[in-house]
Amino acid sequence: MRMSFARLIAAGFAAALMSGSAWAQTCAAPKTMTFEVQSQVRRDILGFTQGLEVRGDKLFESTGLIAGTTRLTTIDPKTGKVTVLANFGRRFFGEGLTILNNQIFQLSWQEHQAFVYDLSGKLVRSMRNPQEGWGLTNDGTNLIFTDGGDRLHYVNPADFKVLRSVPVKVGATPLAALNELEMVDGKIYSNVFQTWDIVRIEPRTGCVEAIARMNALWDRMSLEERRHIQSDSNFVLNGIAYDSAQKIFYITGKNWMTIYAGRFVDQR
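Residues numbered from 1 in each chain as written. Predicted model: local features only at pLDDT ≥ 70, side-chain atom pairs only at ≥ 80, totals over all residues. Heavy atoms only, no water.

Draft legend 1. The overall build of the protein, seen in detail. A count of helical and extended segments in the protein gives three helices and 22 strands. Taking 268 residues into account, the globule formula puts the C-alpha radius of gyration at 18 Å, and the protein, at 17 Å, falls close to it. Based on the C-alpha atoms only, the size of the protein along its principal axes is roughly 50 × 45 × 40 Å. Within the span of the protein, comprising 268 residues, buried residues form 55% of the whole. Per element, the accessible surface of the protein, about 11500 Å² overall, is 49% carbon and sulfur. Charge-centre separation for the protein: the mean point of 30 positive side chains lies 1 Å from the mean point of 26 negative side chains. (Helix = DSSP H or I, 4+ residues; strand = E, 2+ residues; numbered from the N terminus. Rg over C-alpha atoms; globule rule 2.2 N^0.38 Å. Buried < 20%, exposed > 50% of the residue type's maximum accessible area, 1.4 Å probe, protein only. Areas by Shrake-Rupley, 256 points an atom, 1.4 Å probe, with all protein chains shown as cover. Lys, Arg positive; Asp, Glu negative; His and termini not counted. Charge placed at Lys NZ, Arg CZ, Asp CG, Glu CD.)

The following block contains the structure:
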């Protein structure tokens, strides 16, 4: 994901929010969400987080090539200990991750591959993805992924055949650069690449129902972490996982030192 393209996407999103035409009849104006941090996890090994998912008492993570290698890892949310399940070096650029039917699905960025592993990280099979791979989640039956554009693509987990695509909109304005995804209680939460925004999407209509400005996380960071994030423009907000048992979200960024645990709250 090149920076020049990302800046254009971020600028377009900001312009859409500022424009009165963004709040067209197609979708209602989104609510405002806040993220209430309840605890923090300091990880012991950094990772360029591309996909994040809770399974049992662990976080599963897919990392990309910037500031490291493509890996599958688990993270203990109690201690921050990172365990590497598989290290793929620089063979491909890892992207979104989800777990469906006791299998891990991982996208590559531009290599047009979707990989399937068992829960120990052993490769089971691979499938061709004709598009770029960005975010990935599932609805319990199908995989749902993004490709840097403004659509949620539903695909068959057996062969990655696209079943349908849903345009995502803020008002009547398409919202592109949808990145890391998480399906929670029938809604999809998504990072908007190169911004501090997380949106909640109604997947049937593609309407953005709520937006959370996550800038407050910056205020919680140590001076060390702020300097670290500022050292590379790629170290942006990215990573959403949900623990349904505890009803807790885990939020982080690419090569961030900290994972934040908390809840999203709609503002009236």
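Draft legend 2. How the structure looks around the sheet that holds strand β5 (residues 82-87). If you trace the four strands from one edge of the open sheet to the other, you get β2-β3-β4-β5, paired in antiparallel fashion. At either margin of the open sheet sits one strand with a lone partner, and together these are β2 (49-55) and β5. Averaged over neighbouring strand pairs, the angle between their axes works out to 20° when direction is ignored. (Pairing = 2+ DSSP bridges. Axes fitted to C-alpha atoms, helices over the stretch in contact; angles between N-to-C directions.)

Draft legend 3. How the structure looks around the state of the cysteines. One pass over the full model with this rule turns up one disulfide. What pairs with cysteine 27 in a disulfide is cysteine 207, and their sulfur atoms sit 2.1 Å apart. Residues cysteine 27 and cysteine 207 are joined by a disulfide whose S-S torsion is about -75°; by sign, that bridge is left-handed. Placement of cysteine 27 in the loop between α1 (3-18) and β1 (31-42) and of cysteine 207 in strand β19 (residues 207-213) is noted, with a sequence separation of 180 residues between them. By relative accessible area, cysteine 27 is classed as buried at 4%. (Disulfide = S-S within 2.5 Å.)

Draft legend 4. View of the packing of aromatic side chains. This structure, assessed with the given rule, holds 17 aromatic pairs. Ring centres 5.8 Å apart and planes at 40° place the aromatic pair tryptophan 196 and tryptophan 256 in the tilted group. Separated by 60 residues along the polypeptide, tryptophan 196 in the loop between β17 (187-192) and β18 (197-202) and tryptophan 256 in the loop between β21 (248-253) and β22 (258-266) bring together distant segments of the chain. Aromatic rings pair up to connect Phe35, Tyr189, Tyr242, Phe249 and Phe264 into one cluster. When the ring centre of tyrosine 154 is taken as reference, the NZ or CZ atom of arginine 164 above it lies at 3.9 Å. (Phe/Tyr/Trp six-rings, centres within 6.5 Å; stacked < 30°, edge-to-face > 60°. Lys NZ or Arg CZ within 6 Å of the ring centre and 35° of its normal.)

Draft legend 5. Geometry of the environment of valine 199. Locating valine 199 in the fold gives a position in strand β18. For valine 199, a relative accessible area of 0% translates into the label buried. For the pair valine 199 and arginine 90, spaced 109 residues apart in sequence, the C-alpha separation works out to 31 Å.

Draft legend 6. Local environment of the nonpolar core. Residues Met214, Phe249, Ile251 and Phe264 are the most contacted members of the largest nonpolar core, which totals 28 residues. Mapped by element, the contributors of at least two residues to this core are β1, β19, β20 (237-243), β21 and β22. Broken down by element, this core gets its largest block of residues, three residues, from β20. Setting aside chain neighbours within four positions, we find phenylalanine 249 in contact with Phe35, Val184, Tyr189, Ile240, Ala241, Tyr242, Tyr260, Ala261, Gly262 and Phe264. Listed in part, the 16 residues of the second largest apolar core include Leu152, Tyr154, Val168 and Val170. (Core = buried A, V, L, I, M, F, W, Y, C linked by side-chain atoms within 4.5 Å. Contact = heavy atoms within 4.5 Å.)

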